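Fold and contact review
What follows is each chain in one-letter form.
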Amino acid sequence: GGVRDPLPDKLGAFSSWMRGRFYFDELYDFLVKITHDFLAAIAGGADRWIIAGLCVRGLHGGVELTGRLLRLFQTGNIQTYAFMLVVGVAGLLYFAVSRISQAH
């Protein structure tokens, strides 16, 4: 007959751990899966709430609102545009003069 392996008799349970390569592959797969799922959940949340939510939708809302407000001033009347130019220059002058007077 064949020669029987004496190692299981001498080492007991440790022998089965050795036969299973100390279950290193199973442990490695388990830890990688947990780490991967955790990091994927964090990245998914950041993408959904920060990038898509705040950045994309926030910028879209700001641009949409600005466009709607600017459309109110677009009349096609040259006198209205000249008036808005004068109001803008007056506002800039007021701002500049008030900053200079605060400095002194």
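Up top is the structure these notes are about.
What comes next is a walk through the structure. Starting afresh in each chain, residues are numbered from 1 along the sequence in its written order. Per-residue local features of the predicted model are confined to residues with pLDDT of at least 70, and side-chain atom pairs are confined, for both listing and counting, to 80 or more; whole-chain, interface and lining totals are unaffected and use all residues. As a rule here, side-chain values cover all heavy atoms of the structure and leave hydrogens and water aside.

Some words on the overall build of the chain
To qualify as a helix, a DSSP run of H or I must reach at least 4 residues; to qualify as a strand, a run of E must reach at least 2; elements of each kind are numbered from the N terminus. The helix and strand tally for the chain stands at 4 helices and 0 strands. Reading the helices (α) and strands (β) of the chain from amino to carboxyl end gives α-α-α-α. Both definitions apply: the radius of gyration is a C-alpha atom measure, and the globule rule equals 2.2 Å times residues to the power 0.38. Computed over the C-alpha atoms, the radius of gyration of the chain is 36 Å, more than 25% above the 13 Å expected from 2.2 N^0.38 for a compact globule of 104 residues. Once the C-alpha set of the chain is aligned to its principal axes, its extents read approximately 110 × 45 × 15 Å. For the chain, the residues scored as buried account for 3% of the 104 residues in total. Counting every atom, the chain has about 9,500 Å² of accessible surface; 71% of that belongs to carbon and sulfur. We count Lys and Arg on the positive side and Asp and Glu on the negative side, and we leave His and both chain ends out. Just so you know, the charge point we use is NZ for Lys, CZ for Arg, CG for Asp and CD for Glu. A distance of 12 Å separates the average location of the 10 positive side-chain charges in the chain from that of its 8 negative side-chain charges. Note on exposure labels: buried denotes an accessible area under 20% of the residue type's maximum, exposed denotes more than 50%, and partly exposed covers the range between, all computed with a 1.4 Å probe on protein chains only. A 1.4 Å probe and the Shrake-Rupley method give the accessible areas. Residues count as covered only by the protein chains that appear here.

Re the packing of aromatic side chains
Here a Phe, Tyr or Trp ring, Trp counted by its six-membered ring, pairs with any other such ring whose centre lies within 6.5 Å, and the pair is stacked when the planes are under 30 degrees apart, edge-to-face when over 60, and tilted otherwise. Within this structure, the stated rule accounts for 1 aromatic pair. Aromatic pair Phe-24 and Tyr-28: ring centres 6.2 Å apart, planes at 25 degrees, arrangement stacked. With a gap of 4 residues between them, Phe-24 and Tyr-28 both fall in helix α3 (residues 24–73), about one helical turn apart.

A closer look at helix α4 (residues 78–103)
Any helix carries an expected span of 1.5 Å times its number of residues minus one. The end-to-end C-alpha distance of α4 is 38 Å, a good match for the 38 Å that 26 residues give at a rise of 1.5 Å each. Counting buried residues along α4, only 0 of its 26 residues qualify, which leaves the element largely exposed. Polar contacts, as counted here, are pairs of nitrogen or oxygen atoms within 3.5 Å of one another; within protein the pair requires one atom able to donate a hydrogen and one able to accept it, and residues that are adjacent in sequence qualify only if both atoms are side-chain atoms. The N-cap of α4, judged by a side-chain oxygen 3.1 Å from the amide nitrogen of Gln-79 a few residues on, is Asn-77.

Topic: the pattern of salt bridges
The salt bridge definition used is simple: a Lys or Arg side-chain nitrogen within 4 Å of an Asp or Glu carboxyl oxygen. All told, the structure shown has 2 salt bridges when counted by the stated rule. Ionic pairing is found between Lys-33 and Asp-37, a salt bridge with its closest N-O pair at 3.0 Å. In this pair, Lys-33 and Asp-37 are both assigned in helix α3, 4 residues apart and thus about one turn of the helix distant. Taking relative accessible area as the criterion, Lys-33 reaches 52% and is therefore assigned exposed. We classify Asp-37 as partly exposed; its relative accessible area is 37%. Between Glu-64 and Arg-68 there is a salt bridge, with the nearest N and O atoms lying 3.1 Å from each other. Here Glu-64 and its partner Arg-68 are both found in helix α3, 4 residues apart, which amounts to about one turn of the helix.

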